[in-house]
Amino acid sequence: MKSNMIRIGAALAAMAVAAPALAQDLTFWSWRQEDRAAYEQFIDTFEAANPGITVKFETFEAANYNTILATALAGGTGPDVMMVRAYGGLENVATAGYLEELTTDSVPALADFAPSALDAERVRADGKLYAVPFASQTQLVIYNKAIFDANGLAEPQSWDELVALSQKLKDAGVIPFANGTATAWQNETVTFGLGSSLMGQDFYDALMAGEADFTDPRFTDALGSIAEVAAEYFPDGFIGLDYPSAQQLFASGMAGMFIGGSYEMATFQGLNPDIEMGVFAAPGKTAEDAKLVGLYFDGGYAANAAGANKEASIKFLNYLASQEFGQAFANTLSNISTVPGVTFDNPLLSEVNDLNKSSIPYLMLAHFRYGEPSGSVLIQGEMQKLFSGETTPAAIGEALTTGLAAWYEPFKK
């Protein structure tokens, strides 16, 4: 009997050594419903290297995600790990105390991330970091290479060249730009995807220094040029054309160009596997003007400050900050990972990465979504009125400056 008890005791001890002390089941929330299959692959890789930790990936509708997340966190039922927005969207949850502060002690890889990427996930008041940045997005012009080649077109070097090639496409029976503006946020995309070079680095620098506001002619003149191109070279009835329909116009080969984000490329490839695309920064007034894309950071990965599985959550964040993950993210999702050292096998993605070296921030998202009214809401509504002929660029400049003065200190002077 005694020998049997010894053997049983030894077996139990061996099992205790072999098995993790406690299995930890993490919940991971996201608004990226379309990326579920990719994230499940990433999670499989993490789980294989971390036995005893499982991760359940849950997605929610993007437009309502912030509200759903904040409500769950406030009620104590939020996830262990979550995707969070950047800039003002981050502050809404971080300043409420829901997110775990991250440092280079808890996530050492963060020491090598670009400062601009980390700044997108900091709270301005205290400079503390709350998320691992996951992607940058670039606002630019995507074009159909076959259509350009068939019409003898090259990437434009000046605004006049952009107008001339648009006219040539129109004369050939091709819609120059596929964009519509019925989906409100597309008005903002069109404004800065087409107008960043026209506005210019000097305007951006002066705006950030408090030496200019949105009544500046560099800004309002750009709006006028954008409206002229839209009126002449967007699809007939573009004011009533929604975002999915505009995407279909471009993917089907009915339009030569699409003003949008680098995130569009994978979508277009999925809609039409045979499409061959190129990208360019919409030019400034002259060929000598710097060609600037609008750049922003899309969001980050954060841990619940009140989570029951904090140690496992931090381990998962370290994986999400690793080069292994960043490379898989770029290869699988055709997105620009913020992880240092990632290379881009996709030539088009590599080209976008090169364009990012000459950029200004995607203005309203990066700087003017921290209060109410939001700069994005203002520009979206005002540009729709401009496209409809109901306002002027100068009036938009006044409306933005006056509206944002409600909370943006430099405009209160």
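Residues numbered from 1 in each chain as written. Predicted model: local features only at pLDDT ≥ 70, side-chain atom pairs only at ≥ 80, totals over all residues. Heavy atoms only, no water.

Before we go on, may I ask you to explain the domain arrangement of the protein chain in this structure?
For the protein chain, the assigned domains read domain 1 (24–136 + 296–354) and domain 2 (137–295 + 357–411). Centre-to-centre separation of domain 1 and domain 2, based on C-alpha positions: 28 Å. Counting residues at the interface gives 17 residues for domain 1, matched by 21 residues for domain 2. For the pairing of domain 1 and domain 2, the buried interface totals around 1,700 Å² over both sides, and the portion due to carbon and sulfur atoms is 61%. When the buried surface of domain 1 facing domain 2 is broken down by residue, Tyr-87, Tyr-296 and Leu-348 rank first, second and third, together holding 41% of it. On inspection of domain 1 and its partner domain 2, the count reaches one salt bridge. Of the charged contacts in the structure, one is a salt bridge between Lys-357 and Asp-354, with a shortest N-O distance of 3.3 Å. Counting every contact that joins domain 1 to domain 2 gives four residue pairs in polar contact (both at pLDDT 80 or more). Elements that contribute at least two residues to the side of domain 1 that touches domain 2 include exactly α4 (88–94), β4 (132–144), β8 (293–303) and α14 (347–355). In terms of residue count, the dominant contributor to the side of domain 1 that touches domain 2 is α14 (six residues). (Domains from an automatic or database assignment. Contact = heavy atoms within 4.5 Å. Buried area = accessible area lost by both parts, 1.4 Å probe. Salt bridge = Lys/Arg side-chain N within 4 Å of Asp/Glu carboxyl O. Polar contact = N/O pair within 3.5 Å; in protein donor to acceptor, adjacent residues only side chain to side chain. Helix = DSSP H or I, 4+ residues; strand = E, 2+ residues; numbered from the N terminus.)

What should I look at first to understand empty space enclosed by the protein in this one?
Here the idea is plain: a probe the size of a water molecule rolls over the atoms and shows the empty space left. As enumerated under the stated definition, the model contains one cavity of 30 Å³ or more in all. Taken together, Arg-32, Asp-35, Tyr-39, Met-83, Phe-134, Ala-135, Gln-137, Tyr-263, Asp-298, Phe-329, Leu-333 and Asn-335 form the lining of the largest cavity. Contributing elements (two or more residues each) for the lining of the largest cavity: β4 and α13 (323–333). By residue number, the principal contributor to the lining of the largest cavity is β4, which donates three residues. (1 Å grid on protein atoms, 1.4 Å probe; cavity = no way out; pocket = protein on both sides within 12 Å on 5 of 7 lines; lining within 4 Å. Points joined across faces, edges and corners; volume = space filled by probe spheres on them.)

Help me out: how do you make sense of the layout of surface pockets in this one?
There is about 1,500 Å³ of room inside the largest pocket. Lining the largest pocket we find 46 residues, and of these Trp-31, Ala-62, Arg-85, Asp-298 and Arg-369 sit closest to its centre. Looking at side-chain class alone, the lining of the largest pocket contains 18 nonpolar, 18 polar and 10 charged residues. If you add up the space inside the second largest pocket, you get close to 380 Å³. (Nonpolar A, V, L, I, M, F, W, Y, C, P; charged D, E, K, R; others polar.)

Whenever I open this one, the packing of helix α10 (residues 243–251) against helix α11 (residues 264–271) confuses me. Can you help?
Helix-helix packing: each pair is described by the crossing angle between the helix axes and the interaxial distance. Taken N-terminus to C-terminus, the directions of α10 and α11 make an angle of 65°; their axes are 10 Å apart at the nearest point. Crossing of α10 over α11 shows right-handed handedness. In this structure, α10 uses Tyr-243, Gln-247, Gln-248, Phe-250 and Ala-251 to contact α11, whose residues at the interface are Glu-264, Thr-267, Phe-268 and Leu-271. Tallied by class, the residues present in the contact of α10 with α11 amount to five nonpolar, three polar and one charged. (Axes fitted to C-alpha atoms, helices over the stretch in contact; angles between N-to-C directions. Left-handed = near helix turned anticlockwise from the far one by under 90°.)

So what exactly am I meant to see when it comes to the side chain of Asn-304 here?
Mapping Asn-304 onto the fold places it in the loop between β8 and α12 (310–320). Apart from the residues within four sequence positions on either side, Asn-304 is in contact with Leu-73, Gly-78, Pro-79, Asp-80, Met-82, Tyr-98, Glu-100 and Lys-310.

Could you clarify how one ought to interpret unusual backbone geometry in this entry?
With the exception of glycine, the majority of residues adopt a negative phi angle, and the majority of peptide bonds are in the trans configuration. Put simply, Glu-372 and Pro-373 share a cis peptide bond, and its omega is 5°. Residue placement: Pro-373 occurs in the loop between α15 (363–367) and α16 (375–387). In this structure, Tyr-87 takes a positive phi of about 55° despite not being glycine. We classify Tyr-87 as buried; its relative accessible area is 8%. With a phi angle near 50°, Ser-334 is a residue other than glycine that sits in the positive phi range. If you trace the backbone, Ser-334 turns up in the loop between α13 and α14. Classification of Ser-334 as partly exposed rests on a relative accessible area of 21%. (Buried < 20%, exposed > 50% of the residue type's maximum accessible area, 1.4 Å probe, protein only.)

Where do I start with the pairing of strand β7 (residues 277–280) in this structure?
Residues Met-277 and Val-279 point to one face of β7 and Gly-278 and Phe-280 to the other, with burial holding for every one of them. Of the pairings in the sheet, the one linking β4 to β7 comprises four bridges and is antiparallel in character. Residue pairing in the sheet places Asn-144 in a bridge with Met-277 of β7. (Pairing = 2+ DSSP bridges.)

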